[in-house]
Structure formats: structure tokens, C-alpha cells
Amino acid sequence: MDRVIYEVWARRFTEEQLNEIATFYNSDTGKRLADLSGTLSALTIGAAKQWGDATSTDMVAIARQKLAAMAAQ
């Protein structure tokens, strides 16, 4: 499994880029990002869901208004 993952990354990044990524993730900021990545992903997905729900509600309201206006004609 590790070998397959290494090959996936190696096909997309140069050795220099991989070293830069490793340096970043070994920094305090990189470690913090790694520690918070699950939480950040969950919060981002939650925010996107809230936005989608609000957009859907708005679209339904607009559609109902247009249908009511058409029915009133």
C-alpha cells in the first residue's frame, strides 16, 4: 500500500516539491494544519451544506412566487 501511495505522489510532484511539502508538514504550521484537517473539512462541508440549503430554500420561494404570479394571470 505504501508503495502505491508513494508512486501516486511521485507522479504528481517533483522530488524538490515533495521535500518542500515535507518541510511544511514538519513545521509548526504544517503540524497544526495536519491536526486540524479533519475538523476543518467537517466544518467546511457543514458550511457548504448550510449554503446549499439556504440557496435551495430561496430557489423554491422564487419558483412559488413565479407560479403564483402565473396562476393569477
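Residues numbered from 1 in each chain as written. Predicted model: local features only at pLDDT ≥ 70, side-chain atom pairs only at ≥ 80, totals over all residues. Heavy atoms only, no water.

Describing the overall build of the chain
Rules: In this text, helices come from DSSP runs of H or I with a minimum length of four residues, and strands from runs of E with a minimum of two, each type numbered from the N-terminal end. Taken over C-alpha atoms, the radius of gyration is set against a globule rule of 2.2 Å times the number of residues to the power 0.38. Any residue under 20% of the maximum accessible area for its type is buried, any over 50% is exposed, and the rest in between are partly exposed; the area is computed with a 1.4 Å probe on protein chains only. Each accessible area is a Shrake-Rupley result for a 1.4 Å probe, and residues are judged covered by the shown protein chains and nothing else. As used throughout, the charge tally considers Lys and Arg to be positive and Asp and Glu to be negative, leaving His and the chain termini uncounted. Working definition for charges: the position is that of NZ of Lys, CZ of Arg, CG of Asp or CD of Glu.
From N to C terminus, the chain includes three helices and zero strands. The C-alpha atoms of the chain give 23 Å as radius of gyration, which overshoots the globular expectation for 73 residues (11 Å, by more than 25%). Overall, the C-alpha framework of the chain stretches about 70 × 25 × 20 Å when taken along its three principal axes. For the chain, the proportion of its 73 residues judged to be buried stands at 1%. Taken as a whole, the chain presents about 6700 Å² of accessible surface, with 61% of it coming from carbon and sulfur. Side chains of the chain give 8 positive and 9 negative charges; the mean places of these two sets differ by 11 Å.

Things to note about the packing of aromatic side chains
In this description, an aromatic ring pair is defined by two values, namely the gap between the centres and the angle between the planes. Here is the rule we go by: Note on ring pairs: Phe, Tyr and Trp rings are taken, using the six-membered ring of Trp, and paired if centres are within 6.5 Å. Classes follow the plane angle, with under 30 degrees stacked, over 60 edge-to-face and the rest tilted.
Throughout the structure, instances matching the rule amount to two aromatic pairs. On the basis of an interplanar angle of 25° and a centroid distance of 5.5 Å, the ring pair of Trp-9 and Phe-13 is categorised as stacked. You can call Phe-13 partly exposed: its relative accessible area is 31%. A ring pair is formed by Phe-24 and Tyr-25, whose centres lie 5.1 Å apart and whose planes are at 75°; its orientation type is edge-to-face. Residue Phe-24 is classed as partly exposed on the basis of its relative accessible area of 34%.

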